[in-house]
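Chain and residue survey
Listed below are the residues making up each chain.
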Amino acid sequence: QVQLVESGGGLVQAGGSLRLSCAASGNIFSIGAMGWYRQAPGKQRDMVAIITSGGGTNHADSVKGRFTISRENAKNTVYLQMNSLKPEDTAVYFCYAHARVISDNPRDYWGQGTQVTVSS
């Protein structure tokens, strides 16, 4: 199995910045895409940003120009730098990885989530 552990969430004022980190561990054979999703109360979980193993990225329109996803393949870690935060960015942020362990086929894995709260 693959475990994803997020860190870096918290409370910040509007206009501020946070950096989320997510480290993957376990009996990992390979990791493909990694990314971040978020879910606000009463809403569905939406994609925030995705990064491929080769470094290609895709950011949701709502965060383009403010958030930047990156990764360190050697550390199996993905980051989300969030700048110019807005109250509407308040949500639980979930780390995602499409990974393969030695004894299994590739599949999706999720972290437990980290709360980001932006006050106005």
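Residues numbered from 1 in each chain as written. Predicted model: local features only at pLDDT ≥ 70, side-chain atom pairs only at ≥ 80, totals over all residues. Heavy atoms only, no water.

What follows is about the overall build of the protein chain. Helix and strand counts for the protein chain stand at 0 helices and 11 strands. Going from the N terminus to the C terminus, the protein chain shows its helices and strands as β-β-β-β-β-β-β-β-β-β-β. For the C-alpha atoms alone, the extent of the protein chain along its principal axes is close to 50 × 25 × 20 Å. Taken over 120 residues, the protein chain has a buried fraction of 39%. With the model as given, the accessible surface of the protein chain reaches about 6,200 Å², and the carbon-plus-sulfur share is 47%. Charge separation in the protein chain, taken as the distance between the mean sites of 11 positive and 8 negative side-chain charges, equals 3 Å. (Helix = DSSP H or I, 4+ residues; strand = E, 2+ residues; numbered from the N terminus. Buried < 20%, exposed > 50% of the residue type's maximum accessible area, 1.4 Å probe, protein only. Areas by Shrake-Rupley, 256 points an atom, 1.4 Å probe, with all protein chains shown as cover. Lys, Arg positive; Asp, Glu negative; His and termini not counted. Charge placed at Lys NZ, Arg CZ, Asp CG, Glu CD.)

If you walk across this open sheet you meet the 4 strands as S1-S3-S8-S7, and the pairing is antiparallel. Sheet topology places strand S1 (2–7) and strand S7 (67–72) at the edges, where each strand pairs with a single neighbour. Adjacent strand axes in the sheet meet at a mean angle of 15 degrees, parallel and antiparallel pairs treated alike. In the sheet, S1 pairs with strand S3 (residues 18–26) via 6 bridges, with the strands oriented antiparallel. Bridge pairing links Gln3 to Ser25 in S3. (Pairing = 2+ DSSP bridges. Axes fitted to C-alpha atoms, helices over the stretch in contact; angles between N-to-C directions.)

We now examine the packing of aromatic side chains. Applying the stated rule across the entire model yields 3 aromatic pairs. Between Tyr37 and Tyr96, the ring centres sit 5.9 Å apart and the planes meet at 65 degrees, which makes this aromatic pair edge-to-face. Placement of the pair is Tyr37 in strand S4 (residues 28–39) and Tyr96 in strand S9 (residues 91–101), with a sequence separation of 59 residues. With centroids separated by 5.0 Å and ring planes inclined at 75 degrees, the aromatic side chains of Tyr37 and Trp110 adopt a geometry described as edge-to-face. Of this pair, Tyr37 sits in strand S4 while Trp110 sits in strand S10 (residues 107–110), and the two are 73 residues apart along the sequence. (Phe/Tyr/Trp six-rings, centres within 6.5 Å; stacked < 30°, edge-to-face > 60°.)

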